[in-house]
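Chain residues, written in single-letter form:
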Amino acid sequence: MAEPKSFRCVTCGWEFAAWSVDYFCPRCGFPAGNLEVLYDYAQVSRSFPKPSGFSLWRYGGLLPVGEEHAVRLRAGGTPLYSWPAAAEELGLRGVWIKDDSLQPTASCKDRGTAVAVAVARKLGRKALSCASTGNAASSLAGFCAAGGIPCYIFVPKNAPAPKIAQLLAFGAHVFRVDGTYDQAFALALAASQEFGWYNRSDGLNPMVVEGNKTVSFEIWEELGEVPEAVVVAVGDGAVVAGVCKGFLELKEAGLSPRVPRVFGVQAEGAAAVAHAFDRFRRGEPILPAEEPAETLADSIRVGKPADVVKAVKYVAKTGGGFVTVSDPELLSAAWELARKTGVFAEPSGAAPYAALLRLRKEGVFGEKDRVVLIVTGSGLKDPQGVTRALPEPPVIRPDLQSVREVVEKCS
Ligand SMILES: *Cc1c(COP(=O)(O)O)cnc(C)c1O
Ligand SMILES: [Zn+2]
């Protein structure tokens, strides 16, 4: 592990001694004052990554806490699949799918959770909490179960049933808030301060981005270099901020000569970060970034993005941008991805594929580009949401003739 050099406010740049604050710069408040964790990058390069281990702790040289504090569930080490048919069809140099749904609780959130829970143990915190549209909650609940640590979870009342089922199975204390995710977020923060819980909420807790960035280390390591572009779905902005930070740190540490362009994807009906990015490019303030949020992709249904400043500034640093896609595009991307690759993603997880089609058509990507799509969550998280519009399979009599009748119709 690397002891962080300092924590720095993402808006005013004030540097704090590492660990002297948990969440944000008191001068700027939340979310303007979210923190970045800084390291002494010159120290990193020769020992990075560790020669063994399949989990994200392999990248301890750029993590704020040592593996000895981690719980036993494995985060990271997910597969990167080449998808040559898509590259050929779209006229790109290469397309890959990074299937980050293949983690203990079936979403990308397990990376940030693994690091945040290890930090809580290192700091001697007795309980954790978070607000979540669903995946961060099930992730935190799972890792707390593994560590025997109590956790308190705030989800909007309308979170998908399979995600709530995970929470109950893991034995979390669950509050279903009769309100939006954004209201659940504010309540979780207030309750954490009241009861002394360590809060893992996306955006609020800077350790989450430290875990999230390891997906980029894996992509770099597996390809042997960085690709030209990486695409990932965005709600609060903590995942895309992590993706960018990982690549920016590889460059900073002298491990990669360049940084890929990182593109964030949002739903058209929940695009607060994309709109903030447009304002930033026009030289206008990033905050406040508060908008209505309506989309079937529940994991990115966020109206008040908690990590918007970091997400916008980091994406701009990579030379990337934001794309918005419609709900029908999200659904058909999920079906097409499942049919063509065997990777069954929830709609948010399939968003990068929808964005790829859009960006290719608009000429943002061309024949020189190798593009990695990060699938952030499993279709099994909300199977009815994804398959509702697909035809029901036939019910047949238990005889071969019935099978034959159906097979003849298939061909
Ligand atoms: C959390 C999540 C995202 C987006 O992450 P943010 O940090 O909220 O931007 C995307 N897809 C899935 C499946 C997620 O669970
Ligand atoms: Zn500040």
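Because the structure is a prediction, the values reported are computed rather than measured. (Residues numbered from 1 in each chain as written. Chains lettered and ligands numbered in written order. Predicted model: local features only at pLDDT ≥ 70, side-chain atom pairs only at ≥ 80, totals over all residues. Heavy atoms only, no water.)

(A) Structural view of the overall build of the protein. When its secondary structure is counted, the protein shows 14 helices and 13 strands. Computed over its C-alpha atoms, the radius of gyration of the protein comes to 21 Å, within 12% of the 22 Å expected for a compact globule of 411 residues. Dimensions of the protein, computed from the C-alpha atoms along their principal axes, are close to 75 × 50 × 45 Å. The buried share among the 411 residues of the protein stands at 59%. Long-range pairs, those at least 24 residues apart, make up 70% of the contacts in the protein between residues at least 6 apart in sequence. Summed over its atoms, the accessible surface of the protein is roughly 16600 Å², and 54% of this surface lies on carbon and sulfur atoms. Taken as two groups, the 45 positive and 45 negative side-chain charges of the protein have centres that lie 3 Å from each other. (Helix = DSSP H or I, 4+ residues; strand = E, 2+ residues; numbered from the N terminus. Rg over C-alpha atoms; globule rule 2.2 N^0.38 Å. Buried < 20%, exposed > 50% of the residue type's maximum accessible area, 1.4 Å probe, protein only. Contact = heavy atoms within 4.5 Å. Areas by Shrake-Rupley, 256 points an atom, 1.4 Å probe, with all protein chains shown as cover. Lys, Arg positive; Asp, Glu negative; His and termini not counted. Charge placed at Lys NZ, Arg CZ, Asp CG, Glu CD.)

(B) Quick peek at empty space enclosed by the protein. Across all of its chains, the model carries three cavities of 30 Å³ or more by this definition. Of the voids in this model, the largest cavity is the one considered here, and its volume is about 220 Å³. Listed by contribution, the elements that provide at least two residues to the lining of the largest cavity are helix 3 (135–147), helix 8 (238–252) and helix 12 (347–361). For the lining of the largest cavity, the residue count by class is ten nonpolar, ten polar and four charged. (1 Å grid on protein atoms, 1.4 Å probe; cavity = no way out; pocket = protein on both sides within 12 Å on 5 of 7 lines; lining within 4 Å. Points joined across faces, edges and corners; volume = space filled by probe spheres on them. Nonpolar A, V, L, I, M, F, W, Y, C, P; charged D, E, K, R; others polar.)

(C) Highlighting the site of ligand 1. Around ligand 1 there are 16 residues in total, and Lys-109, Gly-235, Asp-236, Gly-237 and Thr-376 lie nearest to it. Between ligand 1 and Gly-237 there is a distance of 2.7 Å, counted from an oxygen atom to a backbone nitrogen or oxygen. Within the backbone of Ala-238, one N or O atom sits 2.9 Å away from an oxygen atom of ligand 1. For ligand 1, whose accessible area on its own is 380 Å², the fraction buried by protein is 99%. Of the pockets mapped on this structure, ligand 1 occupies the largest cavity. Grouping the amino acids of the shell around ligand 1 by side-chain chemistry returns five nonpolar, seven polar and four charged. (Near = heavy atom within 4 Å. Polar contact = N/O pair within 3.5 Å; in protein donor to acceptor, adjacent residues only side chain to side chain. Sits in = over half its atoms within 2 Å of the grid points.)

(D) Structural view of the pairing of strand 7 (residues 151–156). The element strand 7 is extensively covered by neighbouring structure, given that five of its six residues are classed as buried. Looking at chain direction, strand 6 (residues 128–131) and strand 7 are connected through four bridges and run parallel. Across the sheet, Cys-130 pairs through a bridge with Ile-153, a residue of strand 7. Handedness of the crossover is the feature at issue here: the chain leaves strand 6, passes through helix 3, returns alongside strand 7, and the resulting connection is right-handed. Bridging between strand 7 and strand 8 (residues 173–177) involves five bridges; their strand directions are parallel. The residue bridging Phe-154 from the neighbouring strand is Phe-175, located in strand 8. (Pairing = 2+ DSSP bridges. Right-handed = clockwise from strand over helix to strand, strands pointing away.)

(E) Just the coordination of the zinc ion (ligand 2), in detail. Around the zinc ion (ligand 2), the donor atoms from the protein are Cys-9 (SG), Cys-12 (SG), Cys-25 (SG) and Cys-28 (SG), and they sit 2.3 to 2.4 Å away. Coordination at the zinc ion (ligand 2) is tetrahedral, judged from the four donor atoms that bind it and the angles of 105 to 113° they form at the metal. All donors of the zinc ion (ligand 2) belong to a single chain; written as a sequence motif, their spacing is C-x2-C-x12-C-x2-C. Placement of Cys-12 in the loop between strand 1 (6–9) and strand 2 (15–17) and of Cys-25 in the loop between strand 2 and strand 3 (35–38) is noted, with a sequence separation of 13 residues between them. Looking at Cys-25, the relative accessible area reads 0%, which means it is buried. (Donors = N, O, S within 2.8 Å, 3.2 Å for Na, K, Ca; no water. Tetrahedral: all angles 85-135°; square planar, octahedral: opposite > 155°, others 65-115°.)

(F) Fine view of the environment of Val-44. Along the chain, the position of Val-44 falls in the loop between strand 3 and strand 4 (80–82). Placed 209 residues apart in sequence, Val-44 and Ala-253 show a C-alpha to C-alpha distance of 6.3 Å. Ignoring anything within four residues of it in the chain, the contact list for Val-44 reads Gly-61, Leu-62 and Ala-253.

(G) Up close: the sheet that holds strand 9 (residues 198–199). The strand order across the open sheet formed by four strands is 8-7-6-9, and the pairing between neighbours is parallel. The open sheet terminates on both sides in strands that have one partner only, identified here as strand 8 and strand 9.

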